[in-house]
Amino acid sequence: MVSISLCMIVRNEEEVLARCLDSVRAAVDEIVIVDTGSTDRTKEIASEYTEKLFDYKWCEDFSAARNFAFSKGTMDYLMWLDADDVLPEASLKALLALKE
């Protein structure tokens, strides 16, 4: 079975982060979260899902931050979601089947 790293960049996403991670965690083998300067509970919430939590100084460049996050992924495949994304149940099942 292949393995997947979920690599995310976040900032002040305490309202939506847990919902996103709950929707996808059954399908991913690793969660990498890169925080770009949160001042709310985002990092505290992220730490409930992963130890792979990194700080990144925001430099007005989404691609640089996302590439930094991808550089921390260690699985066969890398995937990204925004914190306000939710993986629907049907898509979760499809992704799990695809992994096999």
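Quick note: structure is the one above.
Below or above, wherever it landed, is the structure these notes cover. As the structure is a prediction and not an experimental result, all values here were calculated from the model.

**A short note on helix α4 (residues 89-99)**
Here is step 1 of the chain: Every buried residue of α4 is accounted for by L92, L95 and K99. All buried residues of α4 project into a common sector of 65 degrees when viewed along the axis, lining one side. Seen from the open side of α4, the exposed residues pointing more than 90 degrees away from its buried face are A90, K93, A97 and L98.
Here is step 2 of the chain: Packed against the buried residues of α4 are β1 (4-10), α1 (17-24) and β4 (77-79).

**Some words on the pairing of β1**
Here is step 1 of the chain: Of all seven residues in β1, seven are buried, a share of seventy percent or more.
Here is step 2 of the chain: Because side chains alternate across β1, one face comprises the buried residues I4, L6, M8 and V10, and the other comprises S5, C7 and I9, equally buried.
Here is step 3 of the chain: Summarising the sheet, β1 and β4 pair through three bridges and their orientation is parallel. The partner of I4 across the bridge, within β4, is Y77.
Here is step 4 of the chain: In this sheet, strand β2 (residues 30-35) lies alongside β1 in parallel orientation, the contact comprising six bridges. Each bridged residue has a counterpart across the sheet, and for M8 the counterpart in β2 is I33.
Here is step 5 of the chain: A crossover links β1 with its parallel partner β2, the connecting element being α1, and its sense is right-handed.

What counts as what
- Residues numbered from 1 in each chain as written.
- Predicted model: local features only at pLDDT ≥ 70, side-chain atom pairs only at ≥ 80, totals over all residues.
- Heavy atoms only, no water.
- Buried < 20%, exposed > 50% of the residue type's maximum accessible area, 1.4 Å probe, protein only.
- Helix = DSSP H or I, 4+ residues; strand = E, 2+ residues; numbered from the N terminus.
- Arc of directions from axis to C-beta.
- Contact = heavy atoms within 4.5 Å.
- Pairing = 2+ DSSP bridges.
- Right-handed = clockwise from strand over helix to strand, strands pointing away.

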